[in-house]
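# What the coordinates show
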Amino acid sequence: KTSPKPSAHVAVKSYACQRRSPLNHHNTFLTEPLEILAENAEFMENEGRNIAFRRSASVLKALPRVVRRMEDLKNLPCLGGHSLRVIKEILEDGASQEVETTKQSEQFQAMKALTGVFGVGVKSADRWFREGLRNPSDLIRTGQKLNHTQQAGVRYYNDLNKPVTKKEAEAISDMVGKAVRAVLPGAILTLTGGFRRGKEVGHDVDFLITHPEEGAEEGMMPKVLKWLEDQGLLLYQKTTRNSYLESRDGPERAPHHMDRFERCFSIFKLEQTKECSGTTAGAAGMSEQQSGPSWRAVRVDLVVSPYSQFAYATLGWTGSKLFERDLRRWAGQERGMSLSNHALYDSKRHHYLHASSEEEIFTHLGLEYIPPSERNA
Ligand code: ATP
Ligand code: MN
Ligand code: MN
């Protein structure tokens, strides 16, 4: 049999924000292994390697068809020697030895389990790993000192590691919408993060809140949280005060990708319908089968933005992380501008560029508009 006629090579741009990256693409058999190596590099705190593997995977997500041979990769940007070796091995042998070894390694598995605890970063996880700890129960068993976030993370570990469905995200959206409108009539709630990009499941639900009257949104986070708490909907919350208001230095002073919006990392108590709750029953054979837990824990991120920064905040909180990273890199390297979740600053002309929609921001940046559903870089 002959293979299909050789087609012209597709041109793929080198910045993720110049490409369309749909949710479903043709090369998961390559991107998933590359992302394992990226994650492992992250665990080793090797940021350069992490980004290199993420970029390689991302380029493959933008391809209009399945990669079958190495020639299909000709002229593609961002594919380094190491990634190419991994891809070649997968194309030839069906799997990469390095990826398989990584997945099986005790360190990778332990780091995955430990960083899977809400509130645990790579540094703590690595310290615990070197002390011989392997999973969240080891943290409890050995009486590790945990902060409040990590305690909640351990308590709700199983629930928080179960994917959140779109349906659950919608149910939470209804609850938060009610809370927001009750404390501030006219307030606007937007679903951001992965669900805005069209994902079917997520690790959390992300929201951005604003009000068309500038300043009206100030101080609304505590009120929203109180409303939710009074309804018994909150299992945990930690608010970060908006340091932007406190320090009064312009938005350009925000440390690189961290923004200064008033924000809350929380865990919601979501009532479950009968069909959903049965599957979470405990040990095998237990009679809880019909009457499993009536609720589950879900991670929710809330951010409040002033109306004047809403477009930038929406763009910044929609992701994906690599898409965001490349937007900032594009702004800096190609346009001499500085992009944050608050604003876009033109460093040559020394002024801020106003935007009331994401489309305007892409225009300011000299980029073709990419809709949220194609930002899955
Ligand atoms: P998932 O389905 O796993 O939740 P996601 O794309 O929604 O995928 P999140 O970690 O929830 O991932 O992040 C959503 C968006 O919020 C991303 O665009 C990310 O850049 C932004 N973000 C996350 N954490 C911060 C932070 N600490 N400061 C600023 N922006 C952040
Ligand atoms: Mn998310
Ligand atoms: Mn989030």
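Quantities reported herein were computed from a predicted structural model and do not represent experimental measurements. (Residues numbered from 1 in each chain as written. Chains lettered and ligands numbered in written order. Predicted model: local features only at pLDDT ≥ 70, side-chain atom pairs only at ≥ 80, totals over all residues. Heavy atoms only, no water.)

### A closer look at the coordination of the manganese ion (ligand 2)
Protein ligation of the manganese ion (ligand 2) involves D204 (OD) and D206 (OD), the donor distances falling in the range 2.0 to 2.1 Å. Between the two metals, the manganese ion (ligand 2) and the manganese ion (ligand 3), the spacing is 3.6 Å, and D204 donates to both. (Donors = N, O, S within 2.8 Å, 3.2 Å for Na, K, Ca; no water.)

### Quick notes on helix α8 (residues 148-155)
Among the residues of α8, those classed as buried are T149, Q150, A152, G153 and V154. On the buried face of α8, the contacting elements are α6 (122-130), α7 (136-141), α9 (157-160), β5 (234-240) and β6 (262-271). Structurally, the start of α8 carries an N-cap: the backbone nitrogen of T149 is 3.1 Å from a side-chain oxygen of N147. (Buried < 20%, exposed > 50% of the residue type's maximum accessible area, 1.4 Å probe, protein only. Helix = DSSP H or I, 4+ residues; strand = E, 2+ residues; numbered from the N terminus. Contact = heavy atoms within 4.5 Å. Polar contact = N/O pair within 3.5 Å; in protein donor to acceptor, adjacent residues only side chain to side chain.)

### As for the coordination of the manganese ion (ligand 3)
Taken together, D204 (OD), D206 (OD) and D301 (OD) make up the full set of protein donors to the manganese ion (ligand 3), lying 2.1 to 2.2 Å away. In terms of primary sequence, the donors binding the manganese ion (ligand 3) are separated according to D-x1-D-x94-D. For D204, a relative accessible area of 6% puts it in the buried group.

### Notes on unusual backbone geometry
Put simply, G319 and S320 share a cis peptide bond, and its omega is -5°. Note that S320 resides in the loop between α15 (310-318) and α16 (321-335). Unlike most non-glycine residues, E45 shows phi in positive territory, near 60°. Of note, E45 is situated in the loop between α1 (28-43) and α2 (47-61). Overall, E45 belongs to the partly exposed group, its relative accessible area being 44%. Even without being a glycine, N75 presents a positive backbone phi close to 70°. Considering the arrangement of structural elements, one finds N75 in the loop between α2 and α3 (81-93).

### Examining the nonpolar core
Judged by nonpolar contacts, the single largest core of 35 residues is most densely connected at L34, L60, L73, L76, I87, W128 and L139. Contributions of two or more residues to this core are made by α1, α2, α3, α5 (106-115) and α6. No other element matches α1, which puts six residues into this core. Mapping this core onto the domain boundaries places at least three of its residues in each of domain 1 (16-102) and domain 2 (106-155). Leave out the neighbours within four places in its chain, and L76 touches V10, V12, V59, L60 and L63. Counting residues in each nonpolar core, the second largest holds 27 residues, with M175, F207, I209 and V300 among its members. (Core = buried A, V, L, I, M, F, W, Y, C linked by side-chain atoms within 4.5 Å. Domains from an automatic or database assignment.)

### Quick notes on α1
With 16 residues, α1 should reach 22 Å at 1.5 Å per residue; the first-to-last C-alpha distance of 22 Å fits that figure. Within α1, the full set of buried residues consists of L30, T31, P33, L34, I36, L37, A38, E39, N40, A41 and F43. Along its buried surface, α1 packs onto α2, α3, α4 (97-104), α5 and α6. E45 lies just past α1 and shows a positive phi near 60°. (Expected span 1.5 Å × (residues − 1).)

### Overview of the packing of aromatic side chains
Any pair of aromatic rings gets described here by the distance separating the centres and the angle formed by the planes. Applying the stated rule across the entire model yields eight aromatic pairs. Measuring from ring centre to ring centre gives 6.4 Å for Y156 and W295, while their planes differ by 70°; the resulting arrangement is edge-to-face. Of this pair, Y156 sits in the loop between α8 and α9 while W295 sits in strand β7 (residues 295-304), placing them 139 residues apart in sequence. An angle of 80° between the planes, with centres 5.1 Å apart, marks the rings of F362 and Y369 as edge-to-face. Classification of F362 by relative accessible area gives buried; the value is 0%. (Phe/Tyr/Trp six-rings, centres within 6.5 Å; stacked < 30°, edge-to-face > 60°.)

### Quick notes on the confidence of the model for the chain
The share of residues in the chain with pLDDT of 70 or more is 89%, and the mean pLDDT across the chain is 92. This stretch, residues 245-256, has a pLDDT under 50; its non-local contacts, to residues over four places away or in other chains, come to 14 contacts. Two summary scores accompany this predicted model of the complex, namely pTM at 0.91 and ipTM at 0.97. (pLDDT = per-residue confidence, 0-100.)

### Structural notes on the pattern of salt bridges
Going through the model one piece at a time under the given rule, you end up with 26 salt bridges. For E374, the salt bridge identified is with R20, shortest N-O distance 2.6 Å. Of the two residues, E374 sits in the segment after α17 (358-364) while R20 sits in the segment before α1, which places them 354 residues apart along the sequence. The exposure class of R20 is partly exposed, given its relative accessible area of 34%. Residue R134 is joined to E106 by a salt bridge in which the shortest nitrogen-to-oxygen separation is 3.0 Å. (Salt bridge = Lys/Arg side-chain N within 4 Å of Asp/Glu carboxyl O.)

### What about the sheet that holds β6?
Within the open sheet, the five strands sit side by side as β2-β4-β7-β6-β5. Their pairing is mixed. Looking at the sheet topology across the chains shown, the edges are occupied by β2 (188-191) and β5. Within this sheet the neighbouring strands show an average axis-to-axis angle of 25°, counted without direction. Bridge count between β2 and strand β4 (residues 205-210): four bridges; the pairing is antiparallel. (Pairing = 2+ DSSP bridges. Axes fitted to C-alpha atoms, helices over the stretch in contact; angles between N-to-C directions.)

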